[in-house]
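Each chain, letter by letter, is given below.
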Amino acid sequence: MKQVLKALLSGGCIVLTAGCATGKSESFTFTADLPPNFAYYAIAKYAPAKGQTCTVTLDDNPYLGFNREWRTEYAPESEVPIYRTVKGCRLAIYRIDLEINATYGKTRGDFSGDTTAVIVREQLEEQYKGAFDDTGESAINGQCQWLFRTVGPKRYIRKLLDCKKIDDQGMVTKGRPVGAYTLDQLPGKTVKLKIKLANEEQPGWGDTWVKVPNGWKRCIGEGPEDQRGYCNGNYKDFSSFKMPDGRSCTIYPGCTE
């Protein structure tokens, strides 16, 4: 168990938890403070509570989804039951799987997402437990960054979203923005995922773009048909590329030099 929690809290997995402002003894509120054009989609997962001898299967629908239609019916606050009864079996929440999604263009495919999570257990070592302030709120802090690349022979810009945790010292870490709580911490509380957007975008990978004073230029590689387009020491010859809105550009993100 200790190794699993250590891996999750250092950024290996995806889970998320929440607190409730309604005062109900068996629910909490999960909410998120996200940048513009961001939304979350969450699945709260349940298993038989301690002392139960019953079982449930996926066919029994033991999970609850929030913001499944995040593009059109997004609500930042979700009231999450801590306990549920399904087919006479008392269930307790043990995690929430979370997707952080963001759009960067107008077409349906112009979006990317990353995952995180909140873990819920009967007991946790103090070093893993999230803390609540006097108002009953606990924050999970993180930063997301856009990573850009090109795809296809016309080199269309595509973006990937990469989200990391911000530690108590305000530093961006290698891990995901994961939180962990015990069942008895959550009633009547609020857990807030607080995500900020990095000021600058970065190339998605490798030796493919060159940093210039006013942006990035795309290496030509072996020619326009070379979709990988590694610079390979040639930092003088560049190609154009297509922005998500169809513009042909020579420098990112400003388009024209």
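Above this text is the structure in question.
Student: Hey, could you run me through the layout of surface pockets in this one?
Tutor: To find the voids left in a structure, one rolls a probe of water-molecule size over its atoms. The calculated volume of the largest pocket comes to roughly 420 Å³. K129, G130, K165, D168 and V178 are the residues nearest the centre of the largest pocket, which is lined by 18 residues in total. Sorting the residues of the lining of the largest pocket by element identifies β8 (137–151) and β10 (179–182) as the ones contributing at least two each. A per-element tally of the lining of the largest pocket places β8 first, with 4 residues. The residue makeup of the lining of the largest pocket, split by class, is 9 nonpolar, 5 polar and 4 charged. Lining of the second largest pocket is provided by 20 residues; of these, W146, K159, N199, E200 and E201 occupy positions nearest its centre. Elements that contribute at least two residues to the lining of the second largest pocket include exactly β8 and β14 (215–219). Here the lining of the second largest pocket is built from residues that sort into 11 nonpolar, 5 polar and 4 charged.

Student: Hey, could you run me through the pattern of salt bridges in this one?
Tutor: Pairs may arise between side chains of opposite charge once their charged atoms sit close together. Under the definition given, this model contains 11 salt bridges. Between D114 and R176 there is a salt bridge whose closest N-O contact spans 3.4 Å. Linking D114 in strand β7 (residues 111–121) with R176 in the loop between β9 (156–165) and β10, this pair joins segments that are 62 residues apart in sequence. Residues D245 and R247 are paired through a salt bridge, measuring 2.9 Å at the closest nitrogen-oxygen approach. Salt bridges here are not isolated pairs; linked through shared partners, they connect K45, R95 and D97.

Student: Where do I start with the pairing of β7 in this structure?
Tutor: Side-chain direction in a regular strand flips from residue to residue, so the side chains alternate between the two faces of the sheet. Pairing geometry for strand β6 (residues 89–103) and β7, over 9 bridges, is antiparallel. The partner of R95 across the bridge, within β7, is I119. Across 4 bridges, the pairing between β7 and β10 is parallel. Pairing of V120 across the sheet is with Y181, part of β10.

Analysis parameters
- Residues numbered from 1 in each chain as written.
- Predicted model: local features only at pLDDT ≥ 70, side-chain atom pairs only at ≥ 80, totals over all residues.
- Heavy atoms only, no water.
- 1 Å grid on protein atoms, 1.4 Å probe; cavity = no way out; pocket = protein on both sides within 12 Å on 5 of 7 lines; lining within 4 Å.
- Points joined across faces, edges and corners; volume = space filled by probe spheres on them.
- Helix = DSSP H or I, 4+ residues; strand = E, 2+ residues; numbered from the N terminus.
- Nonpolar A, V, L, I, M, F, W, Y, C, P; charged D, E, K, R; others polar.
- Salt bridge = Lys/Arg side-chain N within 4 Å of Asp/Glu carboxyl O.
- Pairing = 2+ DSSP bridges.

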